[in-house]
Each structure stands twice: as C-alpha cells, then as structure tokens.
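Chains, contacts and geometry: an overview
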Amino acid sequence: MHKQQNSVSEAAQQRAFLQVTNLRKAYALPHGKIDILDDINLQVQQGEFITILGPSGSGKTTLLALLGALDTPDGGEIWLDTTPVHQLKAVAAADFRRRQIGFVFQMFYLLPNLTALENVMSPLLPYRREIDFNLRERANNLLERVGLGHRTGHTPGRLSGGEQQRVAIARALINQPRVILADEPTGNLDPTTGEAVLDILRELQQTGKQTLIMVTHNPQLASGSDQQIHLGKQ
Amino acid sequence: MGWVEERWITTGASLRYLHQSRQTQTLLLWSVLVVSLGYLLVTLSSLASSQKRDFAILSAVGWRPWHPSLMFIQQVFVYALVGGFVGIGSALLIVRMIGAFPDWPIVFLTLPGILLLALLCTLAPLWMIWRLQPANLLKGGMTLSRSLPSSRRVWLARHLLFISEDTLFTLRTVLRSWGRTSIALGSLFLSACLLILMIDAILVFQQSLQGTLLGTYLLAQTAVPLLAGVIFAILFTFLNVTDLFLLQMRERWQEIGLLQAIGWRPWLVQRRFIREGLLLACMGTIPGVLFARWILMQQHETQHVLPLSWL
Ligand SMILES: Nc1ncnc2c1ncn2[C@@H]1O[C@H](COP(=O)(O)OP(=O)(O)OP(=O)(O)O)[C@@H](O)[C@H]1O
Ligand SMILES: [Mg+2]
C-alpha cells in the first residue's frame, strides 16, 4: 500500500516531457459517432524525433491537431511539461501554440501577400512588445539557415515548393518552440527536394534540441526515428 | 381670364407635384441609403471571406482569437476614412460648381456617420472570422461546406416541381451564400421599384405641366436630382451583384478549374455563370416591377391622377 502510493507520486514527478494518456477523439457523422482515436498513449522525451504512421483516415492529422491545441479531445489527457494541453481553449490555446509549438503543414500555408521575411515574422508580429529580441534579425538569421538569405523579399508566389516549405520551417522556428509538429512536410515535394527539406528540418531540430513529431508515409525515415507510432484504421 | 385660370391650374398642379415629390424624395433617399448599406455589407463580407484562409493560418501559428478581428476592423476603418474623405470632398466640389452653399453641420456629421455605419457593417463578417476553426486548415480544406441536401429532397424537387437537375444545381449555387444573395436581391428589388416610380412621376408631371415655362423649370429642378438618385441606386445594385459574382468566382476558382479539367468546354462554364446572373436578376427585378406597379395603381386610384398608360 505504502509502496504503491510512493510509486504514483514518483510517476507524477517523472512524467515524460510530453505525456499522452487514454486520448480519445470522435467525430459526429450523420449516421452516428465514429471513434477516430481510441485510447492513445504516448511518452515522449525532450529532443526526441517521433514519427506517426498509418493508413489514410487513421487519424494522424487529428492526433497532431490535438497535440498542438488546435482541437480538443473527447477524453484523456495531454501534458506538455506542466501544461494541461487537453484543457486549453481559445486564448490560452493560441498563447500555447505561439510559445511552445511550431507547425509545418503539408501545403505550406504561407500568407500570399507577405514576403518570405514577413511570413517568418508573422506569428509574433502583434506581440513585438512582449519579446526581448529583434524579431527581424532573428527571422533573417533563420532564412539564412534554411538557405534563403537571398530571397527574403520575395512573396510565396515567386518561390518554388521546396523554397516555400523552407520558409514555413523558418516560420515554425521563429518562436524557438519546444515542439515542432509536422504533417507530411514533404508530401507535396519531389523526393530529392523533400530529402533536402527534411535534412534542414532535422538539423535545425537537433541544434535547437526540439522535439519533432512528424506524420510521414516514408518507412525509411520512420526507421531512423526514436519512436514510431502506428495508428490503425478504426 | 382664361389665361389666369390656366395659370392657377398649373401652379396648383406644380405645388401638388412638389409636395408629392418631396415625399418621393425622402423615399428615394432612404432607398439609396438602404441599397448602399447593402453594398457595404456585401463588400465587407467578401473582404473577410477572401482573407479567411490567412486568418486561419495566423490563428494556427498562435495569434489570439481577437487579433485577426482587430486587423479586419482596422482595415475597414482605413477604407471608410479614405472613402469618406474622398466622398465628402467630391460632394463639396459639386456643390461649389453648382454654386450652392454646403450645410456645414451636416458635412461635419457625415464622416462619423460613415465610420459608424462601416463599423456596424463589420459585425457579420467579424462573426464569421470568430467562428473560424484553424483545425480545418490541417485537414486541407478551408471551404466550410454546408451539408448538401439529401438525395430524397433532390428527388422531390425534381419530380414534384419539375426542376431539372441542372437548374437545381444553378439554384443551389446562387443560394450558397444566402446572406449576400438576399442583400443583392433586395437591392435589385428596390432599384427596379425606384426606377419605375421615378419614371412614372416624371411622366405624370410632364403631362400635367406640358409647355408652361414654370413647369419646365420645376421639372429640371426636381427631376434631375431624383433621376441622379435612381441612377445611383442602380449603380450600387449593379456593383452589389457584380461583387457577389466576383466573390463566388473566387470561392469557386477550384470548381471552375476542375470542371474544365474534367472536360467541360470553357463556354459551358461561362454559361453557368450567365444563367446564375439571369436567375438572380429575374428573382429580384420582377417582384420589384410588380410592387411598383401595385403602388402606382393605388396612387392613381386614390388621387385620380392620370392613367398609367405607359405601363
Ligand atoms: N471535422 C470532421 N468531421 C468529421 N469527420 C472528420 C473530421 N475531420 C476528420 N474527420 C475524419 O476523421 C478521420 C481521420 O482524419 P485525419 O485527417 O486525421 O486522417 P489522416 O490519418 O491524417 O489521413 P491522411 O493520411 O489521408 O491525411 C477521417 O476518416 C476523416 O474523415
Ligand atoms: Mg492527414
């Protein structure tokens, strides 16, 4: 009895950096509810590289949205360090995303009217007074590091797919997030370009000691990751 | 003696016309205001809807919920300010050219009025921005498709109302953004109504005052501003409808590309748009004309004015 209590409090203290327990998500469809994620459990340490695999429709994107507080689960818990991500709503969720999370999307999602540099700065543009570093300088640095130092003034329409995704990676890193969430970041790129983009992403993640959670269909890439999460079709 | 009598009659008629035209002028003013408000609403919601995707992205990268809304309000404020200044400036210029004196208190009240109206018109778009779900962005589609009518309802419409599947498709796309569509329909209705009423008023007036000097003078004095108002309203309606279609075009860019990609000839796609335009025009204009006719009937019956032979 005594021993058990001890182990419980120890577990609480030794909770992993990112801990997901009994996560559930269902969607209401016209013909009833359908469980997309059912009882998902995860433990991720800081700086790890995690891949999520599974057939189309198995809920990979849904899981990523839950981890990034873009959506709320129907059950279970998500703890990032000391933050109860599963409870975050509206403003708190936005602040969490801005401070802790960097997103990289399959379809880049850059703002078409802004230049590459402005796109990289965009997450923090309204919050310049809250930050203690030079935003423009950091954005410039990041663009240098993804190899686009000479294209900072170009709008996304004038960049190739691979270049756009590199801008998106720079944008994801502008807030020095602790977690990078990437949903098939090379899904829209040809294999060679995709590999180059992945190399950049991995290198930046390793130097920044960020946790990288990536949805991918590439088994080779997955085999090189610290942990593979396989989602099955429900 | 006959001359004096005729003079009296014409003066009486013009006084009566003036009284009537004051009423119609107020009516006209309000209608123009309503039509332009509708235009403002449609424009602002299309502005918001064209930036829906951007706002969702910004929300996903961590902007607080009210920041996109704030950005939108600022945009509208700037537009309203610039537009207001240009409008007041040109109005003053016209007044100067005519040689009249501007009513300064009204001039000074106009700008805050415009700003207030613009801000009021942002409420609906703001609601739309507020309800954006950034999670949908991850799933690829930012098109918030409403659920389609069930196949049973489509079958009913086709067999009971004898509507072809093609027309049904057209009808459904016209009604897709029903808020904006109903505003455009309202504008069409009002404009058609106004046009008929004004033309009738001018014709009646011309008949009753034919040939007299005073009559021509009065006609010029009152008919010109009235006509200008009507033309204004029609212009706004036209812009309204154009706006609606441009917006739908932009929202349906993919659909148009897709239809062409699967082998539709370009003119077939264009025909679809023309058909939608005609449908919308008929749905707005015909009730407007009928309503105007009804008003005229009532008017002519109670006042025993001249018959409306021209309608
Ligand atoms: N808003 C929603 N409403 C209803 N069902 C949804 C919604 N979003 C997702 N789904 C369903 O949830 C399931 C999982 O979707 P999700 O996008 O997570 O799949 P995925 O694993 O990312 O697939 P893919 O590899 O094709 O991207 C799908 O069957 C989808 O139809
Ligand atoms: Mg997906």
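Since the structure is predicted, the reported quantities are computational estimates derived from the model, not experimental observations.

The interface of chain A with chain B comprises 29 residues on the first partner and 19 residues on the second. Between chain A and chain B, roughly 2100 Å² of surface is buried when both sides are summed, and carbon and sulfur atoms account for 65% of that area. In this structure, Arg64 of chain B engages Asp95 of chain A in a salt bridge whose closest nitrogen and oxygen atoms are separated by 2.7 Å. Sorting the residues of the side of chain A that touches chain B by element identifies α2 (60-67) and α3 (90-100) of chain A as the ones contributing at least two each. Of the residues in the side of chain A that touches chain B, the class split is 17 nonpolar, four polar and eight charged.

All names here are of chain A. Membership of the largest hydrophobic core comes to 44 residues, with the highest contact counts inside it found for Leu18, Ile52, Leu67, Ile78, Leu181 and Ile213. Those residues within four positions of Leu181 in sequence are excluded, and the remaining contacts are Leu64, Leu67, Gly68, Ile101, Gly102, Phe103, Val104 and Ile213. By size, the runner-up hydrophobic cluster in this structure holds 34 residues, among which are Phe108, Leu135, Leu143 and Met214.

On to the confidence of the model for chain A. Residue and element names in this part refer to chain A. When pLDDT is averaged across chain A, the result is 85; 93% of the residues are at 70 or more. Summarising per-element confidence for chain A, the mean pLDDT is lowest in helix α1 (residues 2-13) (48) and highest in strand β8 (residues 211-215) (93). Confidence over residues 1-9 falls short of pLDDT 50; this stretch has zero contacts with residues more than four positions distant or in other chains.

Here the structure, examined in full by the defined rule, presents eight salt bridges over all chains. The shortest N-O distance in the salt bridge between Lys25 of chain A and Asp71 of chain A comes to 3.6 Å. Taken together, the residues span a long stretch of sequence, with Lys25 of chain A in strand β1 (residues 18-29) and Asp71 of chain A in the loop between α2 and β4 (75-80) at a distance of 46 residues. Connected via shared salt-bridge partners are Asp95, Arg98, Arg99 and Glu130 of chain A together with Arg64 of chain B.

The next point concerns the site of ligand 1. Neighbouring residues of ligand 1: 14 residues in total, closest Ser56, Gly57, Lys60, Thr61 and Thr62 of chain A. Around ligand 1, the nearby residues trace back to chains A and B. In this structure, Ser56 of chain A approaches ligand 1 through a side-chain N or O atom, which is 2.5 Å from an oxygen atom. Within the side chain of Thr61 of chain A, one N or O atom sits 2.6 Å away from an oxygen atom of ligand 1. Looking at the shell around ligand 1, the elements with two or more residues in it are β1 and α2 of chain A.

Next up on the list: helix α6 (residues 161-173) of chain A. Three- or four-residue spacings in an α-helix give side chains the same orientation, since the helix completes a turn every 3.6 residues. Compared with an ideal rise of 1.5 Å per residue, which puts 13 residues at 18 Å, α6 of chain A spans 19 Å between its outermost C-alpha atoms and is within 8% of the ideal. The inward-facing, buried residues of α6 of chain A abut β6 (101-104), α4 (116-121), α5 (135-145), β7 (179-183) and α7 (191-208) of chain A together with α2 (52-60) of chain B.

Paired through backbone hydrogen bonds, the strands of a sheet run either parallel or antiparallel to each other. Residue and element names in this part refer to chain A. Spatial strand order, β6-β7-β8-β3-β9: five strands in an open sheet with parallel pairing. Only two strands of the sheet have a single partner each, and these edge strands are β6 and β9 (227-230). Pairs of neighbouring strands in the sheet enclose a mean axial angle of 15°, with direction left out of account. The sheet contact formed by strand β3 (residues 49-53) and β9 spans four bridges and is parallel. Note on β9: the bridge partner recorded for Ile52 is Ile229.

It is worth spelling out the environment of Arg129 of chain A at this point. Residue and element names in this part refer to chain A. Take Arg129: it is sitting in the loop between α4 and α5. Arg129 gets classed as exposed once you look at its relative accessible area, which sits at 87%. With 18 residues separating them along the chain, Arg129 and Leu111 place their C-alpha atoms 22 Å apart.

Glancing now at the sheet that holds strand β5 (residues 83-84) of chain A. Residue and element names in this part refer to chain A. Taken together, four strands build an open sheet; the order of strands is β2-β1-β4-β5 and the sheet is antiparallel. Each of the sheet's edge strands pairs with one partner strand only, and the pair in question is β2 (32-44) and β5. As judged from the two bridges shared by β4 and β5, these two strands associate in the antiparallel manner. The partner of Trp79 across the bridge, within β5, is Pro84. Along the sheet, α2 contacts β1, β2 and β4; its crossing angle with β1, the most-contacted strand, is approximately 120°.

It is worth spelling out the UniProt feature "domain: ABC3 transporter permease C-terminal" (unreviewed entry) in chain B at this point. Mapped onto this numbering, the UniProt entry gives "domain: ABC3 transporter permease C-terminal" (unreviewed entry) at residues 28-134 and 230-296 of chain B. The distance from the first to the last C-alpha atom of residues 28-134 of chain B is 44 Å, and the span holds 85% helix and 0% strand.

To continue, consider the UniProt feature "transmembrane region" (unreviewed entry) in chain B. Residue and element names in this part refer to chain B. With numbering matched to this structure, UniProt assigns "transmembrane region" (unreviewed entry) to residues 27-48, 76-98, 104-130, 182-206, 226-247 and 277-296. Here residues 76-98 runs as 100% helix and 0% strand, with 32 Å between its end C-alpha atoms. Within residues 277-296, the helical portion is 100% and the strand portion 0%, while the C-alpha atoms at the span's ends are 28 Å from each other.

Attention now moves to the pairing of β2 of chain A. Residue and element names in this part refer to chain A. Where β1 meets β2, nine bridges bridge the pair, whose relative direction is antiparallel. The residue of β2 that forms the bridge with Val20 is Leu42. Hairpin connection, β1 to β2: the antiparallel pair is bridged by two residues.

Before going further, it helps to spend a moment on the packing of helix α3 (residues 66-98) of chain B against helix α5 (residues 123-130) of chain B. Residues and elements named next belong to chain B. Look at α3 against α5: their axes get within 9 Å of each other, and the N-to-C directions meet at 150°. In terms of orientation, α3 and α5 fall into the roughly antiparallel class. Regarding α3 and α5, the two cross each other, and that crossing is right-handed. Between α3 and α5, the contacting residues are Trp66, Pro68, Ser69, Phe72 and Ile73 on the first element and Pro125, Leu126, Ile129 and Trp130 on the second.

So, how was this worked out
Residues numbered from 1 in each chain as written. Chains lettered and ligands numbered in written order. Predicted model: local features only at pLDDT ≥ 70, side-chain atom pairs only at ≥ 80, totals over all residues. Heavy atoms only, no water. Contact = heavy atoms within 4.5 Å. Buried area = accessible area lost by both parts, 1.4 Å probe. Salt bridge = Lys/Arg side-chain N within 4 Å of Asp/Glu carboxyl O. Helix = DSSP H or I, 4+ residues; strand = E, 2+ residues; numbered from the N terminus. Nonpolar A, V, L, I, M, F, W, Y, C, P; charged D, E, K, R; others polar. Core = buried A, V, L, I, M, F, W, Y, C linked by side-chain atoms within 4.5 Å. Buried < 20%, exposed > 50% of the residue type's maximum accessible area, 1.4 Å probe, protein only. pLDDT = per-residue confidence, 0-100. Near = heavy atom within 4 Å. Polar contact = N/O pair within 3.5 Å; in protein donor to acceptor, adjacent residues only side chain to side chain. Expected span 1.5 Å × (residues − 1). Pairing = 2+ DSSP bridges. Axes fitted to C-alpha atoms, helices over the stretch in contact; angles between N-to-C directions. UniProt positions renumbered as here; feature names shortened; annotations may be inferred. Parallel < 35°, antiparallel > 145°, perpendicular 65-115°, else oblique. Left-handed = near helix turned anticlockwise from the far one by under 90°.

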